[in-house]
Amino acid sequence: MATDREACGVINGNGRDGSFDGRREKKSSRYSAFSLLRHGLFSSEWPRAWRNHDLRGSYDVVIIGGGVHGLATAYYLAENHGIRNVAVLDKGYLGGGGSGRNTAILRSNYLTPEGVRFYDRSLTLYQHLAADLNFNVMFSRRGHLTLAHNDASLRTMRWRAEVNKLQAIDSEVIDPGQISELVPHLNTAADTRYPILGALYHPPGGIIRHDAVVWGYARAADARGVQLHQKTEVTGIDVTRGRVTGVQTNRGPISAPVVVNCTAGWSSIISDMAGVRTPVQTFPLQAAVTEPVKPFLHAVVVSGTLHVYVSQTDRGELVFGASVDPFTSYSMRGSLDFVEGLATHVLELMPALSKMRLLRQWAGLCDMTPDYSPIMGTTPVEGFYLDVGWGTYGFKAGPVSGEAMAEAVATRSTPEIISAFGLDRFSAGELVGEKGAAAVGH
């Protein structure tokens, strides 16, 4: 019987006939202080982070979607399982979807035990990602505050804190005095319209540079023989006798026994091509950024009641976001209504920001499921895998999703860490209810 690597046509990085035919690892230029000095002294050019390739007619694995989930899956297939005959296809450019449009907040203080374990593994991978990829992803541990403005919210925070502690997650409920010490500019007065009664404080939470994560995974995957194809749109998925056989693209057909859907807001469109129905709806999610100012906000602040969250980048800009728009759409245009509502709620939390100027706003697409948890793993179509349903929280899960999906493809089994997120949970009535921690819990 063939091993999993042999079934995918790769043994120690080689093709079936022992040749490399473009799948071998390339010698990657290592970023370091010494290499920076050497390039500066000799004015030599840095090599391309990843290569361009002609599209081949067949691959062992095709991954649709060139964001953090697709690239991480490709990287871990090559790194952990030696499967390098992999193509990542994106209809635009790498990181041009949700991976480049999110607010890059990281945390693991979710509500369900399944969610807490899953996101905590991702946070652990993020903390070591710069060293693993030899690429500075600019992870900044800030601490994460989820504010409670009423008794019901405070009870939910205490509930989440206890679930977190049972999973060995650093998370606790703190009072307004402690909140004021962490974020002095927050209005913690008792006579406001939405008084702050407490907060769930999660010290390991923080922010990261989303573009750097995408570029780091892309560079590392390319160095291990994965082919990255931009401007390659999937127009159809071939299914024969209940199993996937390949994909159709605007650059021609590709034969492949395994296809992984990592397309976020467009996931239901891709799944429909394979005849797989998913309970996913796509909503726009808007965000905005201000002019840069001297750093003063040293924590991530979230208010589910006010539908707003805010953090400050290393350059000093304030990044704001809210909940998804209240209608399904594939539009990524900003709206005046969003800015007005956002500004109103931000100023209720921090009145001192009234003179700051908003520089720009944008939107991304979120693939929402009924229970605010992802859909991961196998489908009724053999060889067609899903890594979808990420809503507003997909970037936090990039590394662990890639690691788990790579394991699922390589071993043809479902890793325990994603066993609760299967597509069949909806027909079985075994939902993973994360709305209390994910609706505006960025």
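Residues numbered from 1 in each chain as written. Predicted model: local features only at pLDDT ≥ 70, side-chain atom pairs only at ≥ 80, totals over all residues. Heavy atoms only, no water.

Draft legend 1. Focus on the overall build of the protein. Broken down by element type, the protein carries 13 helices and 20 strands. Against the 2.2 N^0.38 benchmark of 22 Å for 442 residues, the protein shows a C-alpha radius of gyration of 22 Å, consistent with a compact globule. Overall, the C-alpha framework of the protein stretches about 75 × 65 × 40 Å when taken along its three principal axes. Out of the 442 residues belonging to the protein, those deemed buried represent 55%. In the protein, of all internal contacts separated by at least 6 residues, the share reaching a separation of at least 24 is 76%. (Helix = DSSP H or I, 4+ residues; strand = E, 2+ residues; numbered from the N terminus. Rg over C-alpha atoms; globule rule 2.2 N^0.38 Å. Buried < 20%, exposed > 50% of the residue type's maximum accessible area, 1.4 Å probe, protein only. Contact = heavy atoms within 4.5 Å.)

Draft legend 2. Molecular detail of the sheet that holds strand β16 (residues 308–312). Read from one edge of the open sheet, eight strands run β6-β7-β5-β15-β16-β17-β14-β18, paired in mixed fashion. If you trace the sheet from one side to the other, it starts and ends with β6 (172–174) and β18 (358–368), each paired once. Direction aside, the axes of adjacent strands within the sheet are offset by 20° on average. As judged from the three bridges shared by strand β14 (residues 281–290) and strand β17 (residues 318–321), these two strands associate in the antiparallel manner. Directly across from A288, in β17, lies its bridge partner F320. (Pairing = 2+ DSSP bridges. Axes fitted to C-alpha atoms, helices over the stretch in contact; angles between N-to-C directions.)

Draft legend 3. Representation of the packing of aromatic side chains. All chains considered together, the criterion is met by eight aromatic pairs. Between Y110 and Y119 the ring centres are 4.0 Å apart and the planes differ by 5°, which places this aromatic pair in the stacked class. Note on accessibility: Y110 and Y119 belong to one class, buried. Pairing F118 with W390 gives two aromatic rings, centres 5.9 Å apart and planes at 15°, and the pair type is stacked. Highlighted residues: F118 in helix α4 (residues 113–127) and W390 in the loop between β20 (384–388) and α11 (398–411), separated in sequence by 272 residues. The ring centre of Y110 lies 4.1 Å from the NZ or CZ of R107, which sits over that ring. (Phe/Tyr/Trp six-rings, centres within 6.5 Å; stacked < 30°, edge-to-face > 60°. Lys NZ or Arg CZ within 6 Å of the ring centre and 35° of its normal.)

Draft legend 4. Fine view of the pairing of strand β1 (residues 61–64). On β1, burial covers both faces: V61 and I63 on one face and V62 and I64 on the other are all buried. Relative to strand β2 (residues 86–89), β1 runs parallel, the two sharing four bridges. Residue pairing for β2: V62 is matched across the bridge by A87. Note on the crossover from β1 through helix α3 (residues 68–81) to β2: the handedness is right-handed. Two strands pair when backbone bridges link them, and β1 and strand β13 (residues 259–261) are joined in this way by three bridges, in the parallel orientation. Residue pairing for β13: I64 is matched across the bridge by N261. (Right-handed = clockwise from strand over helix to strand, strands pointing away.)

Draft legend 5. Region of the structure containing helix α10 (residues 336–349). Between its first and last C-alpha atoms α10 spans 20 Å; for 14 residues at 1.5 Å apiece the expected length is 20 Å, and the two agree. All of the buried residues along α10 are F338, V339, L342, V346 and L349. With its buried residues spanning 95° around the axis, α10 presents them on a single face. α10 presents L336 and D337 as exposed residues on the side facing more than 90 degrees away from its buried surface. Those residues of α10 hidden inside the fold are in contact with β5 (144–148), β14, β15 (300–303), β16, β17 and β18. (Expected span 1.5 Å × (residues − 1). Arc of directions from axis to C-beta.)

Draft legend 6. Focus on the pattern of salt bridges. Under the definition given, this model contains 11 salt bridges. Residues E403 and R121 are paired through a salt bridge, measuring 2.7 Å at the closest nitrogen-oxygen approach. One end of the pair, E403, is in helix α11; the other, R121, is in helix α4, with 282 residues separating them in the sequence. When its relative accessible area of 32% is taken as the criterion, R121 is described as partly exposed. (Salt bridge = Lys/Arg side-chain N within 4 Å of Asp/Glu carboxyl O.)

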